Each structure stands twice: as structure tokens, then as C-alpha cells.
Amino acid sequence: VIAVRREPLPHLAEVAAVSVNDAARPLTSVAGRVVVATEKQVRLLDPAGLRPVGEATVDEAVTGGPWVAGGTVFVQTGAGTLRALDAGDLAERWRV
């Protein structure tokens, strides 16, 4: 995350960062939060400081997504399983 700093001269500066420890999938957002999926985790981040505000661990590697629709976060995992997670707390709603 970058912000405008006024001292010593106006400039852009990094104010927060988050490490995903491996190749991140595309980012998306829901309800004012950033959604990121990594190897076996889906995280909700506060966009102002990239602080985690929610996290779900899945038992297979995330291979697709995240995608968001209607208050649900979707990710595809290892064996072609589609998982639907509640966008508020990332609790699993269903999987197929």
C-alpha cells in the first residue's frame, strides 16, 4: 500500500505490505476487503493497511480464483473442487 508523504518533499511511500510466501492468484475485493488466495489459504485483508481480517485454510492447493459473487468467495482447489466461502468470515458454505 502506498500513500502520499509530505516530508521532506511530497512523494509516494510504502506504508504497508503483505507477504504471500508463494505465487499469489489474482486479487479481488468484497465488502471493502481485499481477497487473496495462496497455496492453501484464502485471506481477507483490510485495504488500508493490508492487515488480515479473516483467513480460511483449505485441505487442497488453491488452483483457481478467488472469484466473488453475491457475498460468496469462490476458489477452485486441487482435484477440481469448487468451494464457496462466506465473504464475511470465510466459513465454508459448500463444495462440489
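None of the values given here were measured: they were computed from a predicted structure. (Residues numbered from 1 in each chain as written. Predicted model: local features only at pLDDT ≥ 70, side-chain atom pairs only at ≥ 80, totals over all residues. Heavy atoms only, no water.)

Student: What is the right way to look at the side chain of Arg43 in this model?
Tutor: Structurally, the position occupied by Arg43 is in strand E5 (residues 41-46). In this structure the side chain of Arg43 is engaged in a polar contact, spanning 2.9 Å, whose partner is the side chain of Gln41. Side chain to side chain, Arg43 and Glu55 meet in a polar contact 3.3 Å long. (Helix = DSSP H or I, 4+ residues; strand = E, 2+ residues; numbered from the N terminus. Polar contact = N/O pair within 3.5 Å; in protein donor to acceptor, adjacent residues only side chain to side chain.)

Student: Where do I start with unusual backbone geometry in this structure?
Tutor: For residues besides glycine, phi is generally negative; the peptide bonds are generally trans as well. For the peptide bond that leads from Glu7 to Pro8, omega is -5°, which places it in the cis range. Following the sequence through the fold, Pro8 ends up in the loop between strand E1 (2-5) and strand E2 (11-14). Gly65 connects to Pro66 through a cis peptide bond whose omega is 10°. Tracing the sequence through the fold places Pro66 in strand E7 (residues 62-69). Of note, the phi angle at Ala31 is positive, near 50°, even though the residue is not glycine. Turning to its location among the elements, Ala31 is positioned in the loop between strand E3 (28-30) and strand E4 (33-38). Even without glycine at this site, Leu90 takes up a positive phi of about 65°. Along the polypeptide, Leu90 turns up in the loop between strand E9 (81-86) and strand E10 (92-95).

Spatial relationships are all this shows, so hold off on functional conclusions.
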